[in-house]
Amino acid sequence: MTAPPEAVKSANPPNATVSYLLRGDEAGFRNYRKEADSPLNRAGITWAKACELAPAKLGKKPTRMQRAVGAGISVYVSHSPDPKNRQAHRAGRPLGTALAMLDGGKIRVQSVLSADTFDDLIYYLRGVVRMMREQQIQFDYTQLIWDLALWQNPEKQQDVTARWGKDFYLHGLRGPRT
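Quick caveat: nothing in here was measured; it's all calculated off a predicted structure.

Calculation notes
- For every chain, the first residue of its written sequence is number 1, and the numbers climb from 1 along that sequence.
- Totals for whole chains, interfaces and linings use all residues, but because this is a predicted model, local features are given only for residues with pLDDT of at least 70 and pairs of side-chain atoms are given and counted only at 80 or more.
- In computing side-chain properties, one takes all heavy atoms of the structure into account and sets aside hydrogens as well as water.
- The helix and strand labels rest on DSSP assignments: H or I over at least four residues marks a helix, E over at least two residues marks a strand, and numbering proceeds from the N terminus.
- Pairs of residues are marked as contacts when any of their non-hydrogen atoms sit within 4.5 Å.
- The Shrake-Rupley method, run with a 1.4 Å probe, gives the accessible areas here. Residue values count only the displayed protein chains as cover.
- Nonpolar core, defined: a set of buried Ala, Val, Leu, Ile, Met, Phe, Trp, Tyr and Cys residues in which side-chain atoms within 4.5 Å join the residues together.
- Burial classes follow relative accessibility: with a 1.4 Å probe on protein chains only, a residue under 20% of its type's maximum area counts as buried, one over 50% as exposed, and anything between as partly exposed.
- As a rule, the C-alpha atoms of each element are fitted with a line to give its axis, helices using only the stretch in contact, and angles between N-to-C directions run from 0 to 180 degrees.
- Geometric relationships in this document are graded by angle, where less than 35 degrees denotes roughly parallel, more than 145 denotes roughly antiparallel, 65 to 115 denotes roughly perpendicular, and other angles denote oblique.
- For any helix crossing, the convention is left-handed if the near helix is rotated counterclockwise from the far helix by under a right angle, and right-handed if that rotation is clockwise.
- Residues are sorted three ways: Asp, Glu, Lys and Arg are charged, Ala, Val, Leu, Ile, Met, Phe, Trp, Tyr, Cys and Pro are nonpolar, and all the rest, Gly among them, are polar.
- Put simply, a salt bridge is a Lys or Arg side-chain nitrogen that is within 4 Å of an Asp or Glu carboxyl oxygen.

(A) Quick peek at the overall build of the protein. Helix and strand counts for the protein stand at 10 helices and 0 strands. Ordered by position from the N terminus, the helices and strands of the protein form the series α-α-α-α-α-α-α-α-α-α. Long-range contacts, defined as pairs at least 24 residues apart, comprise 73% of the intrachain contacts of the protein with a sequence gap of at least 6. When the accessible surface of the protein is totalled, it reaches about 9,500 Å², and 50% of it is carbon and sulfur.

(B) Representation of the nonpolar core. Judged by nonpolar contacts, the single largest core of 42 residues is most densely connected at Leu125, Met132, Tyr141, Leu144 and Leu148. Looking at this core, the elements with two or more residues in it are helix H2 (13-23), helix H4 (45-53), helix H5 (64-79), helix H6 (95-101), helix H7 (106-113), helix H8 (118-135), helix H9 (141-151) and helix H10 (154-174). Broken down by element, this core gets its largest block of residues, 8 residues, from H8. Every residue in contact with Tyr141, bar those within four places of it in the chain, is listed here: Val18, Gly72, Val75, Tyr76, His79, Ala88, His89 and Val129.

(C) Just the packing of H7 against H8, in detail. Contact pair H7 / H8: the axes reach a minimum separation of 9 Å and the direction vectors enclose 150 degrees. In this view, H7 runs roughly antiparallel relative to H8, as classed from their interaxial angle. As for how H7 packs across H8, the hand of that crossing is left-handed. Note on element contacts: H8 touches H7 through Leu121, Tyr124, Leu125, Gly127, Val128 and Met131, opposite Arg108, Val109, Ser111 and Val112. When its residues are assigned to classes, the contact of H7 with H8 shows 7 nonpolar, 2 polar and 1 charged.

(D) View of the pattern of salt bridges. Applying the stated criterion across every chain yields a total of 2 salt bridges. The salt bridge partner of Arg67 is Asp119, with a shortest N-O separation of 3.7 Å. You can see Arg67 sitting in helix H5 and its partner Asp119 sitting in helix H8, a full 52 residues away along the chain. For Arg67, a relative accessible area of 25% puts it in the partly exposed group. Residue Arg163 pairs with Asp147 through a salt bridge whose shortest N-O separation is 2.8 Å. With Arg163 in helix H10 and Asp147 in helix H9, this pair connects stretches of sequence that are 16 residues apart.

(E) Spotlight on the packing of H2 against H9. Taken N-terminus to C-terminus, the directions of H2 and H9 make an angle of 140 degrees; their axes are 8 Å apart at the nearest point. Here H2 is positioned oblique relative to H9, judged by the angle of their axes. Of the two elements, H2 crosses H9, and the hand of that crossing is right-handed. Along its contact with H2, which presents Pro14, Asn15, Thr17 and Val18, the element H9 presents Tyr141, Thr142, Ile145 and Trp146. The residue inventory of the contact of H2 with H9, partitioned by class, reads 5 nonpolar, 3 polar and no charged.

In structure tokens:
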């Protein structure tokens, strides 16, 4: 694997990831879609891109940020499988708010908010974003990647899901989606 460009090295990994996804690399998207329904595979193309976008010291265990970037790519391609359609990302809209806008997905939302493992969380998120794609609901993928990195820390996991739940219930009380 080649070294990441200087622009990626200096940017924070979530911003670099979303910028990369919004550029719409068609060949990359085809490969990511093939891996999208599998847990992050260290031999896969998604893992290689995660390591490029979230460089870290060499080690046997992936960093939380690398796993978050890889998972973010996987969720994004489930939400926006066409690299030319950039309708999945909307800066400033939290995941919880987007979940509240979803029609008919309450059980799936509860699954996301109560996931026990990181792999389960990503599995549930993929299902939810497929529904969001059908209903044309977008959310902030930069924030999602930060949240996924934090969620892997047992001390922060409850804070992340509580924020998603708070955004979900507050937006749900305000009324219809906009």
